[in-house]
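Letter by letter, the chains look like this.
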Amino acid sequence: MLSALLSLAGCQALTTGDGSGERRDAELASRAQQQASNEPLAGQAGQLHSDDLWERLRQGMEWELPDNGQVRIGREYYLGQHGYFETVAERGALYLHHIVEEIERRDMPLELALLPFVESTLDPFALSSQKAMGLWQIMPATGRNLGIESDWWYDGRRDLRESTAAALDYLQYLHDTLDGDWLLAIAAYNSGEGRVGRAVSANRASGRDTDFWSLPLPAETRKHVRRLLALSSLVAEPDAWELSLPPLTNAPAFVPVPTGGQIDLARAAELADVELATLQALNPGHLRWATSPEADELLVPREQAELFQQRVAALSPEERLTWQHYRVQRGDSLLQIAQAFGTRVDVLRQANGIKGSLVREGVILMVPRDHDPAAAASGGASPGLEARDYKVRRGDSLYRIAGRFKVKVADLIAWNSLSPTGNIHPGQQLTVYVRGG
């Protein structure tokens, strides 16, 4: 396994240099021999029999952590956050087991499973002011470079499986590019490969050390890395810090179930006999009231998977999506109707067999019903609503904004694909539908 010493005095980074390649080759050979004889791998026997996901994570940790001032600052930060570990444990019950499994499958250090704690507080709905999104806070350009699918219906940066695979691909690339040093890889994940690479080159050219602690990196990046190390130390030895970690079951939280095509999320939740919020939390990559037309499966709680599979297989095409009818009024356009009902022109065209841009007065259109915030806000009347941009101010909450525009908090959340927790930040752009005039 990748293991190297981070010393307080020597400032050695988590790197594979200085003979660790030979150690790794020997360990890989031992691993292959153990697998061939069906013996449990060293360190895995406890994982296989432990019911506690924290313990599984702990047993797979590889780094020898420094106890320097930087890490102590990070540790004090987390220990001072009231309710932090309860929050991440609640989210971790849905997401962490998959992340741990994927990291183990790739034979990467399990400390990396804690990186989404630092990035997003393990919130797949998190959106930064720089438009980084999801558990792993992947920027739009990075997502495109990593081949993550993103369109009006779906953004893979919010999807648990797609974002995790892409983030780990990227981290492994950064590790291999930056001298086999995991701290440099994490720093580059935060501030960019180019910035860290230039810092390494500049230090090397001037004869200075090139480990993470020796590089002139932004304060935000240094904070990012120290917090990951601090979390790792807390999870590795919670008793030493009088920390009680909420229990996490070492078992998958979900099962992927084929849907046979696009399906209304509210209908899917009904079929699975789960709350809509639960289904959305497991499938945060879907941005609208229904799954993407290209999607062919949903993640469903394990206990409900068989029931959902049986029920969804029995659906007729007409039952997969739910609609309401709207009679076109004088002066209406497809764009106005789409904006008012929180949908898109091409959705209306496809549902109603319309080829052009014109729609005649009196024609009855099929319009998506569920997650129809604009229609709900207008009481089902004519969609005479206008879309307005609103920039969140310091001290704002969704309740205050909803009151200001006389709309519902649930509508603000649906219009803007926000987390069900309703977290917003100053400078964030929101869309609000209000009556014209």
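Because the structure is a prediction, the values reported are computed rather than measured.

Rules used throughout
Residues numbered from 1 in each chain as written. Predicted model: local features only at pLDDT ≥ 70, side-chain atom pairs only at ≥ 80, totals over all residues. Heavy atoms only, no water. Helix = DSSP H or I, 4+ residues; strand = E, 2+ residues; numbered from the N terminus. Buried < 20%, exposed > 50% of the residue type's maximum accessible area, 1.4 Å probe, protein only. Contact = heavy atoms within 4.5 Å. Areas by Shrake-Rupley, 256 points an atom, 1.4 Å probe, with all protein chains shown as cover. Axes fitted to C-alpha atoms, helices over the stretch in contact; angles between N-to-C directions. Parallel < 35°, antiparallel > 145°, perpendicular 65-115°, else oblique. Left-handed = near helix turned anticlockwise from the far one by under 90°. Nonpolar A, V, L, I, M, F, W, Y, C, P; charged D, E, K, R; others polar. Expected span 1.5 Å × (residues − 1). Polar contact = N/O pair within 3.5 Å; in protein donor to acceptor, adjacent residues only side chain to side chain. Arc of directions from axis to C-beta. Salt bridge = Lys/Arg side-chain N within 4 Å of Asp/Glu carboxyl O. Phe/Tyr/Trp six-rings, centres within 6.5 Å; stacked < 30°, edge-to-face > 60°.

Caption draft 1: Fine view of the overall build of the protein chain. The helix and strand tally for the protein chain stands at 20 helices and 6 strands. Taken over 437 residues, the protein chain has a buried fraction of 50%. Pairs at least 24 apart in sequence give 68% of the contacts found in the protein chain among residues at least 6 apart. Carbon and sulfur atoms make up 48% of the accessible area of the protein chain, which amounts to about 21,000 Å² in all.

Caption draft 2: The arrangement of the packing of helix α9 (residues 182-191) against helix α11 (residues 219-236) in detail. Contact geometry of α9 with α11 gives a least axis separation of 9 Å together with a crossing angle of 130 degrees. As summarised for this structure, α9 and α11 are arranged oblique, according to the angle between their axes. Regarding α9 and α11, the two cross each other, and that crossing is right-handed. Taken together, the residues of α11 that come into contact with α9 (itself represented by Leu183, Ile186, Ala187, Asn190 and Ser191) are Glu220, Thr221, His224, Val225, Leu228 and Leu229. Across the contact of α9 with α11, the residue classes break down as 6 nonpolar, 4 polar and 1 charged.

Caption draft 3: Up close: helix α8 (residues 160-177). Taking 1.5 Å per residue, 18 residues should reach 26 Å; α8 reaches 26 Å between its end C-alpha atoms and fits that length. Within α8, the full set of buried residues consists of Leu160, Ser163, Thr164, Ala166, Ala167, Leu168, Tyr170, Leu171, Leu174 and His175. In this structure, the buried side of α8 is in contact with α5 (84-105), α6 (115-120), α7 (140-145), α9, α10 (193-205) and β1 (254-258). Positive backbone phi, approximately 60 degrees, marks Asp179, located one or two places after α8.

Caption draft 4: Fine view of the side chain of Arg157. Position of Arg157 relative to the elements: it lies in the loop between α7 and α8. Accessibility expressed as a relative area gives 9% for Arg157, which makes it buried. A polar contact of 2.8 Å, which involves the side chain of Arg157, links it to the backbone oxygen of Ile138. Aside from chain neighbours lying at most four places away, what touches Arg157 is Lys131, Ala132, Met133, Gly134, Leu135, Ile138, Met139, Pro140, Ile148 and Ser163.

Caption draft 5: Representation of α10 in the model. For α10, which comprises 13 residues, the first-to-last C-alpha distance of 18 Å matches the rise-based estimate of 18 Å (1.5 Å per residue) to within 8%. Here α10 has its buried residues at Val196, Ala199, Val200 and Asn203. The arc that holds every buried residue of α10, seen down its axis, measures 100 degrees, which confines them to one face. Residues of α10 that are exposed and angled more than 90 degrees away from the buried face: Arg198 and Ala205. For α10, the elements touching its buried residues are α9. Phi for Gly207, located one or two positions after α10, is positive at around 80 degrees.

Caption draft 6: A look at the pattern of salt bridges. According to the stated counting rule, one finds 15 salt bridges in the structure shown. Ionic pairing is found between Arg105 and Glu102, a salt bridge with its closest N-O pair at 2.7 Å. Separated by 3 residues within a single helix, Arg105 and Glu102 lie in helix α5, roughly one turn from each other. Residue class for Arg105 comes out exposed when judged on its relative accessible area of 60%. Among the ionic pairs, Asp169 bridges to Arg106, the shortest N-O distance being 2.6 Å. Within this pair, whereas Asp169 is found in helix α8, its partner Arg106 is found in the loop between α5 and α6, the two being separated by 63 residues in sequence. For Asp169, a relative accessible area of 41% corresponds to the partly exposed category. One network of salt bridges, with partners in common, ties together Glu102, Arg105, Arg106 and Asp169.

Caption draft 7: Local environment of the packing of aromatic side chains. All told, the structure shown has 11 aromatic pairs when counted by the stated rule. Arranged with centres 5.0 Å apart and planes meeting at 85 degrees, the rings of Trp152 and Trp153 form a pair that is edge-to-face. Accessibility classification places Trp152 together with Trp153 in one group, the buried group. The interplanar angle of 55 degrees and the centroid separation of 5.1 Å between the aromatic rings of Trp153 and Trp289 together place this pair among those described as tilted. Placement of Trp153 in the loop between α7 and α8 and of Trp289 in the loop between α13 (276-282) and β2 (297-301) is noted, with a sequence separation of 136 residues between them. We note that Trp153, like Trp289, is buried.

Caption draft 8: Fine view of the packing of α8 against α9. Remark: α8 packs on α9, axes separated minimally by 8 Å, with the N-to-C direction vectors making an angle of 125 degrees. The pairing of α8 with α9 is recorded here as oblique in orientation. For the element pair α8 and α9, the recorded crossing hand is right-handed. Where α8 approaches α9, its residues Ala167, Tyr170, Leu171, Gln172, Leu174 and His175 are matched on the opposing element by Trp182, Ala185, Ala188 and Tyr189.

Caption draft 9: Quick peek at the environment of Arg222. Secondary-structure assignment places Arg222 in helix α11. For the pair Arg222 and Gln70, spaced 152 residues apart in sequence, the C-alpha to C-alpha distance is 8.5 Å. Here Arg222 is in contact with Phe212, Trp213, Leu215 and Leu217, once residues within four sequence places are set aside.

Spatial relationships are all this shows, so hold off on functional conclusions.
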